[in-house]
Amino acid sequence: MTNVYCPECGHQNKEEGKYCSKCGALLPEAESEGQETIRYSLDAEEKDIEEAGIEDVAEEGVSLVVRSGGGLAGESFLLAGETTTIGRSPGNDIFLDDITVSRDHAVIVRKHDGNYINDQGSLNGTYVNRTRVETRKLFDGDLLQIGKYKLTYIEK
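Residues numbered from 1 in each chain as written. Predicted model: local features only at pLDDT ≥ 70, side-chain atom pairs only at ≥ 80, totals over all residues. Heavy atoms only, no water.

Caption draft 1: Main features of the pairing of strand β5 (residues 83-87). The sheet contact formed by β5 and strand β7 (residues 106-111) spans four bridges and is antiparallel. For I86, the partnering residue across the bridge sits in β7 and is A106. Both β5 and strand β6 (residues 94-95) contribute to a ladder of two bridges, which runs parallel. For G87, the partnering residue across the bridge sits in β6 and is F95. (Pairing = 2+ DSSP bridges. Helix = DSSP H or I, 4+ residues; strand = E, 2+ residues; numbered from the N terminus.)

Dropping the structure here:
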């Protein structure tokens with residue numbers, strides 16, 4: 001049996017796994033015997049989405065795709081309404097069940113010129129492209145961090 005190394009954290013995973021058991025990143029296909037898997041990491045802006053396979057799991061339209069956190073890696077959430085609530089409370093549109101996420105953590109609001117994320121006074125903050133934000137317009141490929149969850153904003 002061949003082992004596959006995670007492109008994000010370098011953790012050694014079993015060949016049959018699709019996601020890293022340590023960080024939840026999408027694993028590359030298993031290499032053939034005699035080849036080494038080269039470790040790489042996404043650039044600081046996290047723009048190389050295709051290499052991580054995020055486009056493949058994003059739904060048609062505007063969606064958030066979970067990159068890592070809480071065993072939800074690869075799950076996609078379609079942003080269909082005027083507002084999409086995110087938080088630890090089960091009543092939210094996007095339910096992220098972890099203590100690092102506030103009950104009502106953030107909300108995404110659709111406006112005439114695009115979608116905006118608004119932090120709702122969360123304890124751990126809302127981050128877009130590694131910068132803490134209160135309110136920010138979202139662009140295709142933006143990396144959001146809410147608690148321990150990392151999500152990618154995709155416009156298809």
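Caption draft 2: A look at the side chain of N118. Residue position: N118 is located in strand β8 (residues 114-119). Among the polar contacts listed, one links the side chain of N118 to the side chain of T135, at a separation of 3.0 Å. Beyond its immediate stretch of four places on either side in the chain, N118 contacts H105, A106, V107, V109, E134 and T135. (Polar contact = N/O pair within 3.5 Å; in protein donor to acceptor, adjacent residues only side chain to side chain. Contact = heavy atoms within 4.5 Å.)

Caption draft 3: Main features of the nonpolar core. Grouped together as the largest cluster of nonpolar side chains are 20 residues, with contacts concentrated most on L64, L96, I117 and L144. At the level of elements, β3 (62-68), β7, β12 (143-146) and β13 (149-155) are the ones that each hand at least two residues to this core. If one sorts the elements of this core by residue count, β13 sits on top with three residues. When neighbours within four sequence positions are excluded, L96 is seen to be in contact with L72, I86, G87, R88, V101, I146 and Y149. V4, C6, C20 and A25 belong to the second-largest nonpolar core, a separate cluster that totals five residues. (Core = buried A, V, L, I, M, F, W, Y, C linked by side-chain atoms within 4.5 Å. Buried < 20%, exposed > 50% of the residue type's maximum accessible area, 1.4 Å probe, protein only.)

Caption draft 4: Representation of the sheet that holds β5 in the model. The five strands are arranged β6-β5-β7-β8-β11 in an open sheet whose pairing can be described as mixed. The two strands at the open ends of the sheet, each matched to only one other strand, are β6 and β11 (135-137). Pairing geometry for β8 and β11, over three bridges, is antiparallel. Bridge pairing in β11 links N118 to T135.

Caption draft 5: Representation of the pattern of salt bridges within the structure. Enumeration according to the criterion identifies three salt bridges in this entry. For the salt bridge of D142 with R136, the shortest nitrogen-to-oxygen distance reads 2.9 Å. What makes D142 buried here is its relative accessible area of 2%. Residue R136 is classed as partly exposed on the basis of its relative accessible area of 26%. (Salt bridge = Lys/Arg side-chain N within 4 Å of Asp/Glu carboxyl O.)

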